[in-house]
2 protein chains.
Amino acid sequence: MTTEPFLSDCRARLAFDLLANTWNPVVLWALRDGPQRPGELRERIGGISSKVLTETVRRLEFNGLVSRRAYAEAPPRVEYELTALGRTLLAPIDAIGAWAFEHGDEVMAAQDREDQRASG
Amino acid sequence: MTTEPFLSDCRARLAFDLLANTWNPVVLWALRDGPQRPGELRERIGGISSKVLTETVRRLEFNGLVSRRAYAEAPPRVEYELTALGRTLLAPIDAIGAWAFEHGDEVMAAQDREDQRASG
DNA sequence: CGGCATCCTGAACGATACTG
DNA sequence: CAGTATCGTTCAGGATGCCG
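The model shown is predicted, which means the values in this text are computed figures rather than measured ones.

Q: In this structure, what is going on with the relation of the copies chain B and chain A? I would like to understand it.
A: Each copy of the chain is related to the other by a rotation around an axis and a translation along that axis. After a rotation of 180° and a shift along the axis of 0.0 Å, chain B superposes on chain A with an RMSD of 0.1 Å. Such a combination of turn and shift is consistent with a two-fold rotation axis. Residues of chain B ranked by C-alpha distance from the rotation axis are headed by B:Ala20, positioned 1.9 Å from it. Most of the interface of chain B is mirrored in chain A, where 100% of its interface residues are also at the interface.

Q: In this structure, what is going on with helix α6 (residues 90-119) of chain B? I would like to understand it.
A: For an α-helix the count is 3.6 residues per turn, leaving residues at separations of three or four pointing the same way. Taking the largest bend as the criterion, α6(B) deviates by roughly 60°, centred on B:His103. Among the residues making up α6(B), those that are buried are B:Leu90, B:Pro92, B:Ile93, B:Asp94, B:Ile96, B:Gly97, B:Trp99, B:Ala100, B:His103, B:Gly104, B:Val107 and B:Ala110.

Q: Is there a simple way to think about the protein's contact with DNA strand D in this case?
A: As a structural note, the neighbourhood of DNA strand D is formed by 18 residues, with A:Gly39, A:Arg68, A:Tyr80, B:Thr22 and B:Lys51 the closest of them. For DNA strand D, the fraction of atoms within 4 Å of the protein that belong to sugar or phosphate moieties is 62%. The separation between a phosphate oxygen of DNA strand D and a polar side-chain atom of B:Thr22 is 2.6 Å. Looking at the surface near DNA strand D, the elements with two or more residues in it are α3 (38-45), α4 (50-62) and β2 (77-82) of chain A together with α4 (50-62) of chain B. Counting residues per element, the surface near DNA strand D draws most heavily on α4(A), which supplies four residues. A class-by-class count of the residues in the surface near DNA strand D yields seven nonpolar, five polar and six charged.

Q: Even after reading the chapter, I still don't get the pattern of salt bridges, so can you show me in this structure?
A: When their charged atoms lie close together, side chains carrying opposite charge are able to pair. A full pass over the atoms with the stated rule returns eight salt bridges over all chains. Ionic pairing is found between A:Lys51 and A:Glu55, a salt bridge with its closest N-O pair at 3.7 Å. Note that A:Lys51 and A:Glu55 are positioned in helix α4 at a spacing of four residues, about one turn of the helix. Taking relative accessible area as the criterion, A:Lys51 reaches 57% and is therefore assigned exposed. Since its relative accessible area comes to 40%, A:Glu55 is described here as partly exposed. In this structure, B:Glu79 engages B:Arg77 in a salt bridge whose closest nitrogen and oxygen atoms are separated by 3.4 Å.

Q: Mind showing me how you'd approach the packing of aromatic side chains here?
A: The relation between two aromatic rings is expressed through the spacing of the ring centres and the mutual angle of the planes. Per the stated rule, a full pass over the model turns up zero aromatic pairs over all chains. One Lys or Arg, A:Arg77, reaches over the ring of A:Tyr71 and ends 3.8 Å from the middle of that ring.

Q: What is the right way to read the pairing of β2(A) from this model?
A: Both faces of the sheet carry side chains from a regular strand, because those side chains alternate between them. Residues and elements named next belong to chain A. In this sheet, β2 lies alongside strand β1 (residues 66-71) in antiparallel orientation, the contact comprising six bridges. When the sheet's bridge partners are listed, Ser-67 is paired in β2 with Glu-81. Joining the antiparallel neighbours β1 and β2 is a turn of five residues.

Q: Would you mind going over the protein's contact with DNA strand C with me for this structure?
A: Neighbouring DNA strand C are 18 residues; A:Thr22, A:Lys51, B:Ser50, B:Arg58 and B:Arg68 lie closest to it. Restricting attention to atoms of DNA strand C within 4 Å of the protein, one finds that 63% of them are sugar or phosphate atoms. The backbone of A:Thr22 places a nitrogen or oxygen atom 2.7 Å from a phosphate oxygen of DNA strand C. Contact between DNA strand C and B:Tyr80: a phosphate oxygen at 3.2 Å from a side-chain N or O atom of the residue. Mapped onto the surface near DNA strand C, the elements with two or more residues apiece are α4 of chain A together with α3 (38-45), α4 and β2 (77-82) of chain B. Broken down by element, the surface near DNA strand C gets its largest block of residues, four residues, from α4(B). Tallied by class, residues from the surface near DNA strand C come to seven nonpolar, five polar and six charged.

Rules used throughout
- Residues numbered from 1 in each chain as written.
- Chains lettered and ligands numbered in written order.
- Predicted model: local features only at pLDDT ≥ 70, side-chain atom pairs only at ≥ 80, totals over all residues.
- Heavy atoms only, no water.
- Least-squares fit on C-alpha atoms with pLDDT ≥ 70 in both.
- Contact = heavy atoms within 4.5 Å.
- Bend = angle between axes of the 7 residues up to and from the residue.
- Helix = DSSP H or I, 4+ residues; strand = E, 2+ residues; numbered from the N terminus.
- Buried < 20%, exposed > 50% of the residue type's maximum accessible area, 1.4 Å probe, protein only.
- Near = heavy atom within 4 Å.
- Polar contact = N/O pair within 3.5 Å; in protein donor to acceptor, adjacent residues only side chain to side chain.
- Nonpolar A, V, L, I, M, F, W, Y, C, P; charged D, E, K, R; others polar.
- Salt bridge = Lys/Arg side-chain N within 4 Å of Asp/Glu carboxyl O.
- Phe/Tyr/Trp six-rings, centres within 6.5 Å; stacked < 30°, edge-to-face > 60°.
- Lys NZ or Arg CZ within 6 Å of the ring centre and 35° of its normal.
- Pairing = 2+ DSSP bridges.

The values are spatial; any link to function lies outside them.
In structure tokens form, the structure reads like this:
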């Protein structure tokens, strides 16, 4: 458990921004096994449009977490892959996933309690 | 490293939603040492308005991560505190913070590279 | 002091259609 | 198949002012 400053550390905010949207962590996780083509990614993830996938993966590329490789073929072929930096983020992401696996139902139970308090 | 399904596990999405906004993780972290009054929280965090703090803390309360205690005094006094469930989230949050501490500059470097590629 | 009401802006996200 | 263009909705977040 880090005792370092946190709230005052801009890098911490930066890291959360990296995970603070719906698709970034999902796409990173979907790339954990190796390079993936957009079509594969979309199928693997489910419920993400072509447009949003492109936006997401470009954002990740901008932050140095994902690399893009385009082949000069017809039909076009593109592959996205985690960079070395991107791979280092898998552990923290997994930590959250593991937490969800362990405590997810407690959260849902709390939500249900609040919901029925509101409606009851 | 969990090898369990992830993208298909709704609880994982739920956990990310818990951290997928600007202030949730920050407020949780700010509460790690014990109960805090809203004023203390705002000072500790910095850059958060009263309105947004209230919204955030209420959201956390809804999800069972934070408890709210109001004292019948004048002037009014309120304290927010992590629940047992909320405390279990500190470890994953810290994992991200630690990652930021270690890799934050690499991300910023990547951003700078992209920025100057765009402007150059 | 805590917190609600109001108004506003920007960004994320989705649906659809289209280009190379 | 990959990606862009447009359009529209939704909502977090910020600013301000007011109430108990």
